[in-house]
Amino acid sequence: MFPLALDLAGRRVVAVGGGPVSARRVRDFLAAGADVHVVSPELCPELEAMLGDLTWHPHRYRDGDLTGAWLVHTATGDPLADARVAAAAAESRIWCVNAGRAHRGTAAVPARATVETHAGRVTVAVTSGDPRRSMAVRDWLVGRLPLARFGLLPRPRRGSLRKSA
Ligand SMILES: C[C@@]1(CC(=O)O)c2cc3[nH]c(cc4nc(cc5[nH]c(cc(n2)[C@H]1CCC(=O)O)[C@@](C)(CC(=O)O)[C@@H]5CCC(=O)O)C(CC(=O)O)=C4CCC(=O)O)c(CCC(=O)O)c3CC(=O)O
Ligand SMILES: NC(=O)C1=CN([C@@H]2O[C@H](COP(=O)(O)OP(=O)(O)OC[C@H]3O[C@@H](n4cnc5c(N)ncnc54)[C@H](O)[C@@H]3O)[C@@H](O)[C@H]2O)C=CC1
């Protein structure tokens, strides 16, 4: 895997599936300023609460739903549906996170944490292929960041050390 930082601002991200895993990632896509479209016949309460900030397509995934997307995320709980989404994304050369099957997508979400400093945000991202290990390494690293060594001052405010996941 090759780590990249994506500028999602104003860009269409299509999330297929309306459950808690989709909700967790959609929350962060929205925080990054993405134009989020959710394709799912139903939404969990966390996604319902975000309805004012996203476009909901209330049906099961079908051909054409990925049109215009820069990034696709699929978490339907149905391996066949996820595989269909991932295959359509690959066909159109759109990066796709397949949350149900790590090795059937073309991208993965690393464990992340953002520290606010006087000079802006510093984000730590860890990927290892094993989410629990990545979370543990992320927690260890971010708890020990020697900001002063880099001439940075922590900017203490509510949520200044935010695990984004
Ligand atoms: C490959 C990857 C692809 C992708 O991006 O989706 C992937 C795949 C899978 N995750 C699964 C399970 C869980 N994942 C989490 C949590 C996180 N998962 C994240 C990333 C990734 N998960 C990508 C790898 C990134 C890397 O390289 O490390 C984190 C780091 C980032 C984020 O989500 O933002 C986030 C940290 C949240 C935080 O920071 O707090 C938890 C814990 C929880 O939910 O509390 C569980 C339950 C575990 C348990 O129960 O033990 C399953 C099995 C599903 C099943 O079997 O049903 C698969 C599928 C598979 O492995 O095939
Ligand atoms: N990558 C990760 O970090 C993690 C991944 N998972 C995996 O993510 C997947 C989803 O998990 P949850 O959100 O808990 O599942 P869930 O079953 O609660 O939600 C699935 C959602 O997808 C919708 N859906 C089902 N078929 C669809 C289709 N054909 N088109 C569009 N939407 C469809 C459902 O209506 C529901 O809203 C599971 O495969 C789970 O194993 C679970 C934990 C963490």
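A few points on the structure. (Residues numbered from 1 in each chain as written. Chains lettered and ligands numbered in written order. Predicted model: local features only at pLDDT ≥ 70, side-chain atom pairs only at ≥ 80, totals over all residues. Heavy atoms only, no water.)

Attention now goes to the pairing of strand β2 (residues 35–39). Burial runs high along β2: four of the five residues are buried. With respect to chirality, the unit in which strand β1 (residues 12–16) leads through helix α1 (residues 20–31) into the neighbouring parallel β2 is right-handed. The pairing of β2 with strand β3 (residues 55–57) spans three bridges and is parallel. Bridge pairing in β3 links V39 to H57. (Buried < 20%, exposed > 50% of the residue type's maximum accessible area, 1.4 Å probe, protein only. Helix = DSSP H or I, 4+ residues; strand = E, 2+ residues; numbered from the N terminus. Right-handed = clockwise from strand over helix to strand, strands pointing away. Pairing = 2+ DSSP bridges.)

The next thing to look at is the side chain of T114. Take T114: it is sitting in strand β6 (residues 111–117). Looking at T114, its side chain comes within polar contact range of the side chain of T123, at 3.1 Å. (Polar contact = N/O pair within 3.5 Å; in protein donor to acceptor, adjacent residues only side chain to side chain.)

What follows concerns the site of ligand 1. Near ligand 1 there are 22 residues, and of these R24, R25, V109, T127 and S134 occur at the shortest range. Between V109 and ligand 1, the recorded distance is 2.7 Å, taken from a backbone N or O atom to an oxygen atom. Look at ligand 1: alone it shows 1,100 Å² of surface, and the protein chains cover 64% of it. For the shell around ligand 1, the secondary structure elements donating two or more residues are α1, β6 and α4 (131–142). With five residues, α4 is the largest single contributor of residues to the shell around ligand 1. The class makeup of the residues in the shell around ligand 1 is ten nonpolar, five polar and seven charged. Here the shell around ligand 1 spans two domains, and each of domain 1 (12–104) and domain 2 (111–164) adds at least three residues to it. (Near = heavy atom within 4 Å. Areas by Shrake-Rupley, 256 points an atom, 1.4 Å probe, with all protein chains shown as cover. Nonpolar A, V, L, I, M, F, W, Y, C, P; charged D, E, K, R; others polar. Domains from an automatic or database assignment.)

This next bit is on the pattern of salt bridges. The tally for this structure, following the rule as stated, stands at six salt bridges. Here R27 ties to D28 by a salt bridge, and the two come within 3.5 Å at their closest N and O atoms. When salt bridges with common partners are traced through the structure, they connect R27, D28 and R112 into a single cluster. (Salt bridge = Lys/Arg side-chain N within 4 Å of Asp/Glu carboxyl O.)

Taken together, 20 residues form the shell around ligand 2, and within it G18, V21, R24, Y61 and A99 come nearest. For ligand 2, an oxygen atom lies 3.5 Å from a polar atom in the backbone of T76. Measuring from a nitrogen atom of ligand 2, one finds a backbone N or O atom of A99 at 3.3 Å. For ligand 2, the protein covers 67% of the area, taking 870 Å² as the surface of the free molecule. The leading source of residues in the shell around ligand 2 is α1, at four residues. Split into classes, the residues belonging to the shell around ligand 2 amount to nine nonpolar, seven polar and four charged.

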